[in-house]
There are 2 protein chains.
Amino acid sequence: MTKDKILNVALDMFGQFGYEDTALSDIAKTVGIKKPSIYNHFNSKEDIFREVLDEVIRRERAFFSEELKIASDLTCEEQLRELFEQYNERMATSEVGLFWKRVTFFPPECFAEVIKEKFKEVEGTFTEILKDVFHKGKEEAVIRDLPFETLTASFYTVIDGLFLERHFYGEDEYLLRKEASWKVFWLGIQHPEI
Amino acid sequence: MTKDKILNVALDMFGQFGYEDTALSDIAKTVGIKKPSIYNHFNSKEDIFREVLDEVIRRERAFFSEELKIASDLTCEEQLRELFEQYNERMATSEVGLFWKRVTFFPPECFAEVIKEKFKEVEGTFTEILKDVFHKGKEEAVIRDLPFETLTASFYTVIDGLFLERHFYGEDEYLLRKEASWKVFWLGIQHPEI
DNA sequence: CCTACCGATCGGTAGG
DNA sequence: CCTACCGATCGGTAGG
């Protein structure tokens, strides 16, 4: 369907160039139609953005509910590392990742509120998964007895930092930072052996 | 001087709206002149950007060489925390911080290379200061014997994560994340007592 | 430092 | 789904 094609192209281009710097004529060209034909499917550019945002949320939910099943035979450290890797990879390699980056950092003004809301909702889903792993770790005395908020907040900050760094530095520097951050993070939350 | 006024306004607006979304007519209006008068001082919009970038570098250098003198009577932990706070504050509250955020995340294409180069140069200066503190900490057996690259890389990742989060989440959530990240980071690099 | 203007491009519309 | 067109705005120029 043409409408889906438009949405997919828009998702890609909004992520690559930002909302304001993506011209409807460029979207049309990539889709293979002329600009006015877009208006057969959407009432305005803002309308397209709203539907793209819905699509992103749908994909995020699918990702969290299906791909993020973590093997229960892994140790707590391995599980956490797995979440760490998966989240990093998704943010860096999926179209959705670039879209979030653009759109959470410098949102089109009129959408700032909705975007924040939806992003926090998605993050909340991930937080639940995280908490389970931390809970298990604390029970097994593998993880230090820190408040859940401290554990999740510091995890997110590392993830966010790497997310930022991945696009800016080269792959080599990114990998260095990822390993360093993981090492220090894990040493930080690890239960001190007695 | 009008030229300086233009540069200051441009620095501010490039940081707020990005390069492409800042119109010369808006800069002119804020300065209090008409758009064509800008061309008495600059040959093009790109020219303005180049000079703004130079100005930013100048300010960064001034910051690092003057404000970042850390009191030597502080403990290693206090010194590191001081650097952590100062860097965070500067990135969040100074015009230069917003400018870096815009411009390192989504640079105007033709400037991507220069920007990266200059940013890394600035970061390198900071790394030297950081290394001194880590070195002291390791000598005093306050900090774990990890490679310098691991210590600095993980420090930067936390800083970068907080930098990202500060503008996105409210001040409350930011403070929570800052304290949590610091706590886990410090536990991670701290020398394990025997 | 200004007025007056340029060609290009933007989001969006009319009408078929 | 198209051609043809709109008013607004962009970076930049001419000419004084």
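Preceding this section is the structure that the text describes.
Residues numbered from 1 in each chain as written. Chains lettered and ligands numbered in written order. Predicted model: local features only at pLDDT ≥ 70, side-chain atom pairs only at ≥ 80, totals over all residues. Heavy atoms only, no water.

A. Representation of the protein's contact with DNA strand C in the model. Inspection of the region around DNA strand C gives 15 residues, with K35 and Y39 of chain A together with T2, S37 and N40 of chain B positioned closest. In this structure, Y39 of chain A approaches DNA strand C through a side-chain N or O atom, which is 2.8 Å from a phosphate oxygen. Between DNA strand C and S37 of chain B there is a distance of 2.4 Å, counted from a phosphate oxygen to a side-chain nitrogen or oxygen. Its residues placed into classes, the surface near DNA strand C shows 6 nonpolar, 6 polar and 3 charged. (Near = heavy atom within 4 Å. Polar contact = N/O pair within 3.5 Å; in protein donor to acceptor, adjacent residues only side chain to side chain. Nonpolar A, V, L, I, M, F, W, Y, C, P; charged D, E, K, R; others polar.)

B. Up close: empty space enclosed by the protein. Overall, the coordinates contain 6 cavities of 30 Å³ or more when judged by the stated rule. What the largest cavity holds in volume is close to 110 Å³. Lining the largest cavity are 13 residues, with L164 of chain A together with T104, F119, D160 and F163 of chain B sitting closest to its centre. Of all the elements in the fold, those that place two or more residues in the lining of the largest cavity are α7 (148-168) of chain A together with α4 (76-93), α5 (95-105), α6 (112-139) and α7 (148-168) of chain B. The class makeup of the residues in the lining of the largest cavity is 10 nonpolar, 1 polar and 2 charged. (1 Å grid on protein atoms, 1.4 Å probe; cavity = no way out; pocket = protein on both sides within 12 Å on 5 of 7 lines; lining within 4 Å. Points joined across faces, edges and corners; volume = space filled by probe spheres on them. Helix = DSSP H or I, 4+ residues; strand = E, 2+ residues; numbered from the N terminus.)

C. Layout of the interface of chain A and chain B. Taken together, the contacts link 39 residues of chain A with 39 residues of chain B. Together, the buried faces of chain A and chain B total about 3500 Å²; carbon and sulfur atoms form 70% of this surface. On the chain A side of the contact with chain B, F106, F168 and V184 of chain A bury the most area, a combined 21% of that side's loss. One can count 4 salt bridges joining chain A with chain B. Across the pair R177 of chain A and E123 of chain B runs a salt bridge, and its minimum N-O distance is 3.2 Å. Of all the secondary-structure elements, those providing two or more residues to the side of chain A that touches chain B are α5 (95-105), α6 (112-139), α7 and α8 (171-189) of chain A. Sort the elements by how many residues they give to the side of chain A that touches chain B and α7 of chain A lands first, with 15 residues. (Contact = heavy atoms within 4.5 Å. Buried area = accessible area lost by both parts, 1.4 Å probe. Salt bridge = Lys/Arg side-chain N within 4 Å of Asp/Glu carboxyl O.)

D. Seen up close, the packing of α7 of chain A against helix α8 (residues 171-189) of chain B. Running from N to C, α7 of chain A and α8 of chain B point in directions that differ by 90°, and their axes come no closer than 8 Å. Compared by their axis directions, α7 of chain A and α8 of chain B come out roughly perpendicular. Taking contact as the criterion, the partners of E149, T150, A153, S154, Y156, T157 and D160 of chain A in α7 of chain A are, on α8 of chain B, L176, R177, A180, S181 and V184 of chain B. Partitioned by chemical class, the residues of the contact of α7 of chain A with α8 of chain B number 5 nonpolar, 4 polar and 3 charged. (Axes fitted to C-alpha atoms, helices over the stretch in contact; angles between N-to-C directions. Parallel < 35°, antiparallel > 145°, perpendicular 65-115°, else oblique.)

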